[in-house]
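Given next are the chains, with one letter for each unit.
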Amino acid sequence: MSLAHESIASLRRRLASKEIHSRDIVRDLLQQIDAREKTIHAYTHLDREAALAAADKANSSLPLGGIPIAIKDNLNVLGDPCTCASKILEGYKAPYDATAIARLRQAGAVLLGRTNMDEFAMGSSTENSALGITRNPWDSSRIPGGSSGGSAAAVGGRIALAALGSDTGGSIRQPAALCGCVGLKPTYGRISRYGLVAFASSLDQIGPLTRTVEDSAILLSALAGHDPHDNTTDLRKPETFLTEKSGSVKGLRVGIPKEYFIPGMDAETEAAVRQSADWFKKNGATLVDVSLPHTPSAIAVYYILATAEASANLARFDGVRYGRRAADPRDVLDLYHRTRSEGFGPEVKRRIILGTFVLSAGYTDAYYRKAQKVRGMIRQDFEKAFASCDLLLTPTSPEPAFKLGERTQDPLKMYLADVFTISVNLAGNPAISLPCGFTKSNLPIGLQLIGPRFGEEKILQAAHAYEQGHDWHQRLPPA
Ligand code: GLN
C-alpha cells in the first residue's frame, strides 16, 4: 500500500523504528499528486525538491519528525509565496514563519506545498480563488467546500496526509465534511494567529485537517499554546491531547440543539446525523434536547462583524507594502484605487464595501454595535446549553458538496452553507467535523461535535470513540 494512505499515528511509529524514511512518504505522496492533482488542483505552490531535501534532513525522534504537512496559502512560511489566492499578493514572499509553522518545524514536520482557498478565506466553495478552482476528490463536478478547500481536497483525495487550514465561520469544518476528512476548529485563543493573514481577527482560528481523529489530536498538541506574539492566546500549560483513548462514550451527555435540524436540509444528511446520535445513545450516552435560540441570527451577525473586521484588516493591501502595485500611478490615491480595483476579486470587494458601510458614521449603532450585542447572546446560548450537557451533536453542513458553479451568482445562498458552523466562531468554542456516512451517490457527510470553551479533549475523546465504532474514515475516493 502507498504510504500516502496511512495515518500520521501509524507513520510516526514506522519512522521511529526506522522501518521507513521520511523520503519514502514524500515520494509516495508526490506519486499520488502526479496521478490526481491535475483533476483536483488542491495545491497553489509545491516545491518537490525542497520537500524531498527537508525529508532527508528530518529527525524521526521528534513528535512529527519527517511527517509531511500541507499548508493553506494564508499562512506565512518564510521565503514561500503567501498568496491568499489573491492577485493582490502576486509576487509576495513571506518574510517570517507564522507561529503555527514555527511549531510544526520544531516538531520536525516537513512542509509540503501550499493549498488553494477562497480569496482571503472568503467563501464556502474555493471558487473565489484567483488561482483556479479546486475540485472535490469524491466527485470532480462538485466543489470541495471552502475556504480551506485545497487543504480538505488534498487530505480527502489522499494527496496530503494532513494540512493546516483556518476557520473564521466554518472554513475548516465545512470543507472537511464535504471531502470526507476530520477538521478541527480549536477554541479561540488555543493556537496563535501570528503569521496568519487576518480576515476577521476576533473569529479566525488555525486548525488541522486530517484523516483520523487521533491525527487531529497529534497536530493540535504540536500547535497549541501561548505565544507572546498573539495576546489572545491562552496562558495555560501546553497539553497533549487524546493520550488516553478510552473509546467509551458511556455516561456522556450529548446535547441535540433543535435549531440545527431545519426544514430544507438534505434528507440523507439529516438521517446520517440522527443515526450518529443513536449510536451515542446505544453506547451509553444520554441524549439531551437543548435549544440555542439565537441561532437564526448568526449568519446576519457574522456578515456584519466579519466584514467590518475584514474591511479594516484588508486596508493594508494598498500597493505600498505588500505584493501587487498598480503601474505608473498619477498620485497616491490613484495608486490605492487602481491597486485595489485590479488586485481584489468580486467577493472580497463585496465584503470590504459591506464592512465599510456597517462601520460608517451614523450606521455603527444600527449594525455593528447591535451585532456585537447579539453575538453576546449567541455566546450565552452555548454557556446555558453546556450547563446540561458535555457536548453538542449537529450536522456540519446542511447538505453534501454541491455542483461547481451552482451558487457563484447567488452570494446569499453561498452564505447559507455555513449556518451550522458560524455560531461556534461567534461564541469562540471548539468544534470538530468528522465523517459520519455517505450519500447514495457516494458523497461524504460530516458530523459536528461542539465542546465548551477549551473542551477540545472532550470532543476529541468522543469523536475518536465514534470513529473507532465505524469505518467511514477508511473509505477511499474513486481513483
Ligand atoms: N464561508 C464563510 C465566509 O465566507 C466562512 C469563511 C471562513 O471560515 N474563513 O466568510
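Higher on the page you've got the structure.
Just so it is clear, the structure is predicted and the values come from calculations on it, not from any experiment.

Colleague: Help me understand the overall build of the protein chain, please; the structure alone is not making it clear to me.
Modeller: When its secondary structure is counted, the protein chain shows 15 helices and eleven strands. Scaling as 2.2 N^0.38, a compact globule of 479 residues should have a C-alpha radius of gyration of about 23 Å, and the protein chain matches this with 21 Å. Reported as C-alpha extents along the three principal axes, the dimensions of the protein chain are approximately 70 × 55 × 45 Å. Looking at the protein chain as a whole, 61% of its 479 residues qualify as buried. Across the protein chain, contacts joining residues at least 24 apart in sequence account for 76% of those joining residues at least 6 apart. For the protein chain, the exposed surface amounts to about 18,100 Å²; the carbon and sulfur share of it is 53%.

Colleague: Just to check I follow, could you spell out the packing of helix 9 (residues 298-313) against helix 12 (residues 365-388) for this structure?
Modeller: A packed helix pair is summarised by two numbers, namely the angle formed by the two axes and the spacing between the axes. The interhelical angle for the contact between helix 9 and helix 12, taken along N-to-C directions, is 125 degrees, at an axis separation of 9 Å. The angle between helix 9 and helix 12 falls in the class oblique. For helix 9 against helix 12, the interelement crossing comes out left-handed. Counted together, A298, V301, I304, L305, A308 and E309 of helix 9 and Y367, Y368, A371, Q372, V374, R375 and I378 of helix 12 form the full contact between these two elements.

Colleague: Would you explain unusual backbone geometry in this entry?
Modeller: It is generally the case that most residues other than glycine have a negative phi and that most peptide bonds are trans. That bond from G146 to S147 is cis: its omega, 5 degrees, falls within 30 degrees of zero. Along the chain, S147 falls in the loop between strand 3 (110-115) and helix 5 (149-156). Of note in the backbone geometry, F120 takes a positive phi value of approximately 50 degrees without being a glycine. Topologically, F120 is positioned in the loop between strand 3 and helix 5. The class of F120 is buried, set by a relative accessible area of 3%. For L242, which is not glycine, the phi dihedral falls at a positive 55 degrees. Along the chain, L242 falls in the loop between helix 7 (213-223) and strand 7 (253-257). Looking at L242, the relative accessible area reads 4%, which means it is buried.

Colleague: Even after reading the chapter, I still don't get the nonpolar core, so can you show me in this structure?
Modeller: Counting residues in hydrophobic clusters, the biggest one holds 141 residues, and the most contacted among them are L64, L104, F120, F280, F382, I432 and L449. When residues of this core are assigned to their parent elements, the largest contribution, ten residues, is made by helix 9.

Colleague: Please clarify how the packing of aromatic side chains should be interpreted in this entry.
Modeller: The description of two aromatic rings rests on the distance between their centres and on the angle between their planes. Under the definition given, this model contains 16 aromatic pairs. Both rings, one in Y303 and one in Y415, keep their centres 3.9 Å apart while their planes meet at 15 degrees; by these two values the pair is stacked. Pair noted here: Y303 is in helix 9 and Y415 is in helix 13 (residues 411-415), with a separation of 112 residues, a long-range link. Summarising the burial analysis for this pair, Y303 and Y415 share the class buried.

Colleague: Looking at this model, I keep getting lost on a nonpolar patch on the surface. Mind explaining?
Modeller: Taken together, the side chains of V320, V332, L333 and Y336 make up a nonpolar region of the molecular surface, amounting to roughly 360 Å² of accessible area. On the secondary structure map, V332 appears in helix 10 (residues 332-343). A relative accessible area of 46% means that V332 is categorised as partly exposed.

Colleague: Sorry, what's going on with the state of the cysteines here?
Modeller: Two cysteines form a disulfide when their sulfur atoms are joined by a covalent bond. Going through the model one piece at a time under the given rule, you end up with zero disulfides. In this structure C389 is a free cysteine whose sulfur lies 19 Å from that of C436, the closest cysteine sulfur available. Distance from the sulfur of C436, which forms no disulfide, to the nearest cysteine sulfur (C181) is 13 Å. For C436, a relative accessible area of 3% translates into the label buried.

Basis of the calculations
- All residue numbers here refer to positions counted from 1 along the written sequence of the relevant chain.
- Local features in this predicted model are restricted to residues whose pLDDT is 70 or higher, and side-chain atom pairs enter the listing and the counts only when it is 80 or higher, whereas totals over whole chains, interfaces and linings include all residues.
- Side-chain metrics rest on all non-hydrogen atoms present in the structure, leaving aside hydrogens and water.
- Helix and strand assignments come from DSSP, with helices taken as H or I runs of at least 4 residues and strands as E runs of at least 2, each series counted from the N terminus.
- Here the globule rule is a power law, 2.2 Å times the number of residues to the power 0.38, and the radius of gyration is based on C-alpha atoms.
- Exposed residues in this analysis have more than 50% of their type's maximum accessible area, buried residues have under 20%, and partly exposed residues fall in between, with area computed by a 1.4 Å probe over protein chains only.
- Contacts are assigned to residue pairs that have any heavy atoms within 4.5 Å of one another.
- Each accessible area is a Shrake-Rupley estimate made with a 1.4 Å probe; only the visible protein chains count as cover when residues are assessed.
- An axis is simply a line fitted to the C-alpha atoms; with a helix, the fit covers only the stretch in contact. Between two such axes, the angle follows the N-to-C directions and lies from 0 to 180 degrees.
- Any angle from 65 to 115 degrees is called roughly perpendicular, while one under 35 is roughly parallel, one over 145 is roughly antiparallel, and all others are oblique.
- Left-handed is the label given to a crossing in which the near helix is rotated counterclockwise from the far helix by less than a right angle, and right-handed is the label when the rotation is clockwise.
- In this description, a nonpolar core means a group of buried Ala, Val, Leu, Ile, Met, Phe, Trp, Tyr and Cys residues linked to one another through side-chain atoms lying within 4.5 Å.
- Aromatic pairs are defined between Phe, Tyr and Trp rings, using the six-membered ring for Trp, whenever the two ring centres lie within 6.5 Å; interplanar angles under 30 degrees are classed as stacked, those over 60 as edge-to-face, and all others as tilted.
- Like charges within 9 Å and nonpolar side chains (Val, Leu, Ile, Met, Phe, Trp, Tyr) within 5 Å are joined into patches, using only residues over 30% in relative accessible area that form no salt bridge.
- We define a salt bridge as a side-chain nitrogen of Lys or Arg found within 4 Å of a carboxyl oxygen belonging to Asp or Glu.
- Two cysteine sulfurs form what is called a disulfide whenever their separation falls within 2.5 Å.

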